[in-house]
Amino acid sequence: MSTEVTPKSPYNVKNPYIARLKHAHDLTGPGAVKHTRHFEIDLAGSGLEFTPGDSLAVLPTNDPDLVAELISVLGFTGEERVTNPKGVEVPIRQALWESYSITDIDNKLLKAVIEKTSGNTAVTGLTDPERKEDLKRYLYGREVIDVLLENPSAKFEPAEWVGVLKKLIIRLYSISSSLKAVPEEVHLTVATVRYESHGRARKGVASTFLSERLTASTPIPVFVNPGKGFRLPAPEEDTPIIMCGPGTGIAPFRSFLQERKATAAKGKAWLFFGETNQSSCFFYREEFEAYLADGTLSRLDTAWSRDQAEKIYVQHKMSENGPELWKWLEQGAIFYVCGDASRMAVDVDRALHQIIETSGGKTTEEAAAYLEKLKQEKRYRRDVY
Ligand SMILES: Cc1cc2nc3c(=O)[nH]c(=O)nc-3n(C[C@H](O)[C@H](O)[C@H](O)COP(=O)(O)OP(=O)(O)OC[C@H]3O[C@@H](n4cnc5c(N)ncnc54)[C@H](O)[C@@H]3O)c2cc1C
Ligand SMILES: NC(=O)c1ccc[n+]([C@@H]2O[C@H](COP(=O)([O-])OP(=O)(O)OC[C@H]3O[C@@H](n4cnc5c(N)ncnc54)[C@H](OP(=O)(O)O)[C@@H]3O)[C@@H](O)[C@H]2O)c1
């Protein structure tokens with residue numbers, strides 16, 4: 001197994017590297033039901049290093065339109081001076097844009113609104129310990145702006161208002177490039193979070209910072225978050241690898257494949273990719289086809305969930321190829337999975353159990369023990385979110 005460790009970096013949450021965008025393009029095409037974008041961020045001269053399997057922490061800024069709306073709803077001008085979390089005095093407009101979380105509803109904020117709200121409203125008593133389920137239901141799909149709009153009697157002074165907000169925090173993105181293939185750049189594969197709730201269009205803070213608000217001159221504060229054990233085998237090892245990365249879960253595997261080509265890695269490599277539609281969502285198609293042609297990739301199996309009436313997912317493709325997948329596991333393959341934690345990774349785990357039972361001729365208990373052993377041997381690796 002590779003013991004490659006990302007060198008200790010001078011950059012961290014307190015001292016991020018201020019990068020700039022070099023290039024970006026959409027990975028999703030016309031008619032796609034989602035928007036996923038490829039980003040190339042310039043690292044020239046930074047000395048910032050990473051290893052395939054690491055992720056990049058990005059500190060975004062908020063949507064200025066939402067900042068303006070909040071200021072208006074709060075009755076401020078935007079010029080009121082407040083002290084930001086670094087202890088610097090700035091106009092509240094700037095503080096709300098760059099320093100505070102202005103979407104997530106924190107308990108502290110909710111309590112402050114309840115205290116200031118006259119009469120009985122939807123938030124009255126919501127923070128009582130016995131009303132946890134009501135609170136969860138209330139919070140679902142709501143943001144800070146909704147609490148203010150629904151409780152107009154809650155009035156705040158500017159300093160008091162920032163005092164109830166949490167700090168704006170970083171978001172992690174799996175790195176989708178290798179420094180050996182693309183020096184002095186870091187690539188990301190990001191799904192833009194946009195949805196509607198309670199009659200309002202919502203935007204994920206960091207994913208829309210990247211996809212809607214970046215120009216070539218926008219500062220992008222970043223640092224590397226080392227991947228916990230999500231590592232390739234050493235290139236001279238003959239270990240086969242199986243990569244399962246539907247959606248943005250493909251990101252670390254693009255990095256793996258770039259690295260494997262650059263280091264002429266020996267073992268076989270099998271990629272499972274899934275998205276909604278082949279015509280609009282086959283991310284990095286030409287690259288993967290070139291890797292198939294030059295042998296960097298031994299197999300590519302794709303699952304297009306919405307190209308037919310019945311859903312076809314990566315785990316269906318795994319099961320279809322159960323005997324071959326079992327053979328690879330028996331040959332010592334490492335199985336990697338990246339992407340959605342709540343549904344996909346659970347179903348992929350279930351499929352693995354079934355393949356081991358059916359193709360490996362094992363009982364349910366034996367299959368569970370086999371997978372447990374894979375985990376102990378670090379041959380079943382998950383990077384799920
Ligand atoms: C290790 C790691 C690696 C990651 N790698 C990637 C990657 O490579 N690519 C990638 O795109 N993402 C990746 N993510 C996810 C990423 O970090 C962010 O969580 C994601 O981009 C959303 O951030 P945001 O700031 O845009 O959204 P936020 O402002 O954080 O909003 C997201 C929140 O919106 C709410 N929400 C979202 N959709 C709905 C809905 N339909 N209805 C109601 N509420 C909803 C949920 O509460 C959700 O938590 C990774 C996460 C981790 C932990
Ligand atoms: N924290 C956040 O705010 C945030 C932001 C972005 C992404 N994410 C998470 O990251 C995931 C990745 O998002 P993404 O846009 O890259 O892709 P995605 O939503 O995971 O979709 C990729 C493919 O996986 C399919 N899929 C859905 N359920 C599945 C299952 N149970 N098993 C296997 N495949 C399944 C989808 O099909 P269908 O859609 O046709 O069912 C689609 O074809 C999201 O699902 C979400 O959980 C979280």
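Residues numbered from 1 in each chain as written. Chains lettered and ligands numbered in written order. Predicted model: local features only at pLDDT ≥ 70, side-chain atom pairs only at ≥ 80, totals over all residues.

1. With respect to the overall build of the protein chain
Heads up, the rule is: Secondary structure follows DSSP: runs of H or I at least 4 residues long count as helices, runs of E at least 2 residues long count as strands, and numbering of each begins at the N terminus. Using C-alpha atoms as the atom set, the radius of gyration is obtained and then compared with a globule rule of 2.2 Å times the number of residues to the power 0.38. As a rule, residues whose C-beta atom has 12 or fewer other C-beta atoms within 10 Å are exposed, those with 20 or more are buried, and those in between are partly exposed; C-beta atoms are placed from the backbone. We call two residues in contact when their backbone-placed C-beta atoms lie within 7 Å.
Along its length, the protein chain carries 14 helices and 15 strands. A compact globule built from 385 residues should have a C-alpha radius of gyration of about 21 Å, and the protein chain, at 24 Å, falls within 12% of that. Across its three principal directions, the C-alpha atoms of the protein chain cover 65 × 50 × 40 Å. A burial count over the protein chain gives 36% of its 385 residues as buried. Nonlocal contacts in the protein chain, meaning residues at least 24 apart in sequence, comprise 75% of its contacts between residues at least 6 apart.

2. Quick notes on the environment of Ala-367
Mapping Ala-367 onto the fold places it in helix α14 (residues 364-376). Taking C-alpha positions, Ala-367 is 22 Å from Val-384, a pair spaced 17 residues apart along the chain. In this structure, Ala-367 is in contact with His-353, Ile-356, Glu-357, Gly-360 and Lys-362, ignoring residues within four places of it in sequence.

3. Focus on the site of ligand 1
To keep it simple, the criterion reads: Whether a residue is near a molecule or strand depends on its C-beta atom, generated from backbone atoms, being within 6 Å of that molecule or strand.
Around ligand 1, 20 residues are found, and the nearest of them are Gly-204, Ala-206, Ser-207, Thr-248 and Tyr-385. When residues of the shell around ligand 1 are traced back to their parent elements, those giving at least two are β6 (171-174), β7 (185-191), β8 (194-197) and α7 (205-212). Top element by residues in the shell around ligand 1 is β6. It accounts for 4 residues.

4. Concerning the sheet that holds strand β12 (residues 269-275)
Formally: Two strands qualify as a pair provided DSSP detects at least 2 bridges between them. Fitting a line to C-alpha atoms yields each axis, with helices limited to the stretch in contact; the angle taken between N-to-C directions then spans 0 to 180 degrees.
Read across the sheet, 5 strands follow the order β13-β12-β11-β14-β15 without closing on themselves; strand pairing throughout is parallel. Unpaired on one side and paired on the other, β13 (299-304) and β15 (380-384) mark the two borders of the sheet. Pairs of neighbouring strands in the sheet enclose a mean axial angle of 10 degrees, with direction left out of account. The sheet contacts of helix α8 (residues 251-262) involve β11 (241-244), β12, β14 (334-339) and β15, and relative to β14 the element is tilted by about 135 degrees.

5. Some remarks on the pairing of strand β9 (residues 200-203)
In the case of a regular strand, side chains alternate between the two sheet surfaces. Pairing analysis gives 4 bridges linking β8 to β9, with the strands arranged antiparallel. Each residue of the ladder has a partner; that of Arg-194, found in β9, is Lys-203. Once β8 ends, the chain turns through 2 residues before running back antiparallel as β9, passing His-198 with a positive phi of about 45 degrees.

6. Comments concerning the site of ligand 2
Formally: Domains are outlined according to an automatic or database domain assignment.
Around ligand 2, a shell composed of 23 residues is seen, among which Gly-247, Thr-248, Ser-305, Tyr-313 and Asp-340 lie nearest. For the shell around ligand 2, the secondary structure elements donating two or more residues are β12, α11 (314-320) and α13 (344-358). When we break the shell around ligand 2 down by domain, the ones giving at least three residues each are domain 1 (17-57 + 170-225) and domain 3 (241-384).

7. Structural notes on the environment of Phe-283
For Phe-283, the position within the fold is in the loop between α9 (278-281) and α10 (285-294). In the structure, Phe-283 is positioned 247 residues away from Thr-36 in sequence and 8.8 Å away in space, judged by C-alpha atoms. Excluding residues that lie within four positions of it along the chain, Phe-283 makes contacts with Leu-27, Thr-36, Thr-189, Ile-250 and Glu-275.

8. Thoughts on the packing of helix α12 (residues 322-330) against α13
Applicable threshold: Note that the term roughly parallel is reserved for angles under 35 degrees, roughly antiparallel for angles over 145, roughly perpendicular for angles of 65 to 115, and oblique for everything else. Ten residue types, Ala, Val, Leu, Ile, Met, Phe, Trp, Tyr, Cys and Pro, are classed as nonpolar, four, Asp, Glu, Lys and Arg, as charged, and the remainder, Gly among them, as polar.
Packing of α12 against α13 brings their axes to within 9 Å, and their N-to-C directions diverge by 90 degrees. As judged from the angle between their axes, α12 and α13 are roughly perpendicular. Of the residues in α13, those touching α12 at Gly-322, Leu-325 and Trp-326 are Ile-355, Ile-356 and Thr-358. Of the residues belonging to the contact of α12 with α13, the class tally is 4 nonpolar, 2 polar and no charged.

9. Focus: unusual backbone geometry
Here the phi dihedral of Ala-264 falls at roughly 50 degrees; this positive angle occurs in a residue that is not glycine. Among the secondary structure elements, Ala-264 is positioned in the loop between α8 and β12. If you check the backbone angles, Lys-378 has positive phi at about 60 degrees while not being a glycine. Tracing the backbone shows Lys-378 in the loop between α14 and β15.

10. Details of the domain arrangement of the protein chain
Domain assignment breaks the protein chain into domain 1 (17-57 + 170-225), domain 2 (64-163) and domain 3 (241-384). The centre of domain 2, based on its C-alpha atoms, is set 43 Å off from the matching centre of domain 3.

11. Thoughts on the sheet that holds strand β1 (residues 17-26)
Spatial strand order, β6-β3-β10-β1-β2-β7: 6 strands in an open sheet with antiparallel pairing. Edge positions in the sheet fall to β6 and β7, since each of these pairs with one other strand and no more. Direction aside, neighbouring strands of the sheet carry axes that sit 40 degrees apart on average. Where strand β3 (residues 55-58) lies against β6, 4 bridges are found, and the strand directions are antiparallel. Residue pairing across strands places Leu-56 opposite Tyr-173, the latter belonging to β6. In this fold α7 packs onto β2 (36-42), β3, β6 and β7, with an angle of close to 115 degrees to the strand it touches most, β7.

12. A look at helix α1 (residues 64-74)
Short version of the rule: Starting at the helix axis, one direction is taken to each C-beta atom, and the arc is that of these directions.
Turning to α1, its buried residues number three or more, namely Val-67, Leu-70 and Ile-71. Seen end-on, α1 carries its buried residues on one side only, within an arc spanning 100 degrees. Residues of α1 that are exposed and point more than 90 degrees away from the buried face comprise Asp-65 and Ser-72. Tucked inside the fold, the buried residues of α1 contact α2 (92-98) and α5 (144-150). Backbone geometry just downstream of α1 places Gly-75 in the positive-phi region, at approximately 80 degrees.

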